[in-house]
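Observations on the model geometry
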Amino acid sequence: MINLSPKFTQKLAWSSIWTAGVASVLILLFIIGYVLTKGLSAISPEFLFTAPEGGLSGEGGISSCIVATLWLILITMAILIPLGIGAAIYLAEYAPDNKFSRLIRYSVELLAGVPSIVFGLFGFAIFVLALHFNYSILAGALTLVCLLLPFLMRSAEEAMKAVPQYQREAALALGATKWQTVVHVILPAAMPGIITGITLCVGGVVAESACLYVTMGGSAAMPTSFLSGGRTLAVHVFYLAMETNALDKALATGAVLIILILILNFITRWLSQHFQAKMSGGI
Amino acid sequence: MSRYFVDRVSRRVVYIFGVVAFLILVFIAIFILKESLPALKELGIVNILFGAKWYPSKDTFGILTMLAGSVVTTLLALAIAMPLALGCAIFLAEVAPPHIRNIVRPAVELLVGIPSVVYGLVGMLILCPVIARLSGTGSGSSVLAAAVVLAIMVLPTITSISEDSLRAVPARYKEGAFALGATHWQTIHHVLLPAARRGITAAVILGTGKAIGETMAMVMVIGNSPIFPASIFRPARTLTGNIAVEMASATGIHESALFTTGLVLFILVLLINSIGLLAYRRRA
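The following paragraphs examine the structure supplied in this document. (Residues numbered from 1 in each chain as written. Chains lettered and ligands numbered in written order. Predicted model: local features only at pLDDT ≥ 70, side-chain atom pairs only at ≥ 80, totals over all residues. Heavy atoms only, no water.)

It is worth spelling out the interface of chain A and chain B at this point. Size of an interface: often given as the accessible area lost when the parts come together. The partner chain B presents 77 residues to the 77 residues of chain A that form the contact. In this assembly, chain A packs against chain B so that about 6900 Å² is buried in total across both faces, 83% of it on carbon and sulfur atoms. Put simply, chain A and chain B have two salt bridges between them. Residue B:Glu109 is joined to A:Arg269 by a salt bridge in which the shortest nitrogen-to-oxygen separation is 3.2 Å. Along the contact surface separating chain A from chain B lie nine residue pairs in polar contact (both at pLDDT 80 or more). For the side of chain A that touches chain B, the leading source of residues is helix 1 (residues 6-39) of chain A, giving 19 residues. Its residues assigned to classes, the side of chain A that touches chain B comprises 61 nonpolar, 13 polar and three charged. (Contact = heavy atoms within 4.5 Å. Buried area = accessible area lost by both parts, 1.4 Å probe. Salt bridge = Lys/Arg side-chain N within 4 Å of Asp/Glu carboxyl O. Polar contact = N/O pair within 3.5 Å; in protein donor to acceptor, adjacent residues only side chain to side chain. Helix = DSSP H or I, 4+ residues; strand = E, 2+ residues; numbered from the N terminus. Nonpolar A, V, L, I, M, F, W, Y, C, P; charged D, E, K, R; others polar.)

This is the structure in structure tokens:
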């Protein structure tokens, strides 16, 4: 065996590690750059504000998909936010340290790993069939609530746990009930972390496709209520690429998706930096 | 309303909310099992699990080829992702200067947020043509294309958990190695990596769980033929893809067989993630 000097192996290792680090950034830049350069040119007001023709035609714009995506975000968040924050309050503030709490924590972690398409099957069986919501935005939204709940719970719980113990004690010492402490002390202090979690979940709604593909029916028509079917932007990309072979339109829709994700990512980052500066800056 | 009354009521309400996640998990198991029963009864679990033929028109539903498709694609993806992810984790935890780290880490995190369909689309347009030219046949929709796309998608998971575990190694280990005259790389290789091996194992297992559940990107680049993945240049079909491709047109026993596919996937992922979580907890 060749005996390499420690200095040489160090250099060799360093260059491989740097390559790995730089490669990951290049992969990201390549994907984003490719979709944006190929897709942006096809985005026009006409593309954004006309409905897709649907069926086997790749013609038309993406207006109905934008509307379906917005509906979906609205309904999902309306249910997810109270549910997720409430559940996180329970885990962070009320849950005793016993077997039952550990079981709940464990199921949250397991639920976070269940594949999207399995949530889709579940949503199809319970919301589409058993509860007769049919293929609809509501069925998709409820499925997404199940899918995203563990993520919001974890980020909200983490944010609440980071609130210093003495703040709780001070509130209780002033005669506040536990719930008053939660509402007036813990939630405001944990708000930046919770809002970051919510923004990430909105990103999840925008990016998700598999579980919506089997619960929303994929109609290209403009949704008229939350009980009509529809397709989100992400699902539209799938239909365009797989069924109509309209790859230029798929790229344009993909570019819209990437821009949305980048904006949400930017908001998340700005929020956490802004609040961090605010909370540590004054003292 | 007295504030004590509000306090009592809200305690109950958050308790109920807290249990919802557990209930969802139980309901998923119940509903998917319930919808699988017709196929399980009619065909038998053995015929479904070990049947190599999937002909919905002839009521033959064996998922062995898809099981193989999922496993082979996932293993190949891990083999591609591992060196990159581990390199990236070491880079972020030990090597990168802070200002570079502040570029690389958000970039890796952003990879999580990019929609699955965008990965699929880029795979279709860039990767498949290259693979078609390399292999000389077909459209390039293949196990290899799926594995490369999947490798990029699990990169952030494996990287962030591995980085976490490397950072969790007590500083005195590193200082001890330095004091003995080891170079930085020798310290990483002989001290940090062995000390973090449980966490890195957990990272790989949790990455496996994520990879096996990926759906839309796989459907877009793997070709979806329900055949054994005999060559990485040939098409195949994953368990997830089987559900997505056929769900819209399936009825009766066919639909039930798709739920059985989902049941197998669900159990597989629960097993993998339970092991991964256990390893993650014991990493210290």
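With phi around 55 degrees, A:Asn134 is a residue other than glycine that occupies positive phi space. Structurally, A:Asn134 is set in the loop between helix 5 (116-130) and helix 6 (137-161). Taking relative accessible area as the criterion, A:Asn134 reaches 48% and is therefore assigned partly exposed. Even without glycine at this site, B:Asp59 takes up a positive phi of about 55 degrees. For B:Asp59, the location among the structural elements is in the loop between strand 1 (54-55) and strand 2 (60-61). (Buried < 20%, exposed > 50% of the residue type's maximum accessible area, 1.4 Å probe, protein only.)

In this description, an aromatic ring pair is defined by two values, namely the gap between the centres and the angle between the planes. Tallied over the entire structure, the rule returns 13 aromatic pairs over all chains. Measuring from centroid to centroid gives 6.1 Å for A:Phe124 and A:Tyr135, while their planes differ by 35 degrees, and the two rings are tilted. Taken as a pair, A:Phe124 in helix 5 and A:Tyr135 in the loop between helix 5 and helix 6 lie far apart in primary sequence, 11 residues in all. Under the relative-accessibility criterion, A:Phe124 is labelled buried at 5%. Geometrically, the ring pair formed by A:Tyr213 and A:Tyr239 is tilted, given 5.6 Å between the ring centres and 45 degrees between the ring planes. Linking A:Tyr213 in helix 9 (residues 210-213) with A:Tyr239 in helix 10 (residues 233-244), this pair joins segments that are 26 residues apart in sequence. Members of the aromatic cluster, each reached through a chain of ring pairs, are A:Phe122, A:Phe127, B:Phe27 and B:Phe31. A cation sits over an aromatic face here: A:Lys178 above A:Tyr94, 5.0 Å from the ring centre. Positioned above the aromatic ring of B:Tyr55, the side-chain terminus of B:Lys58 is 5.1 Å from the ring centre. (Phe/Tyr/Trp six-rings, centres within 6.5 Å; stacked < 30°, edge-to-face > 60°. Lys NZ or Arg CZ within 6 Å of the ring centre and 35° of its normal.)

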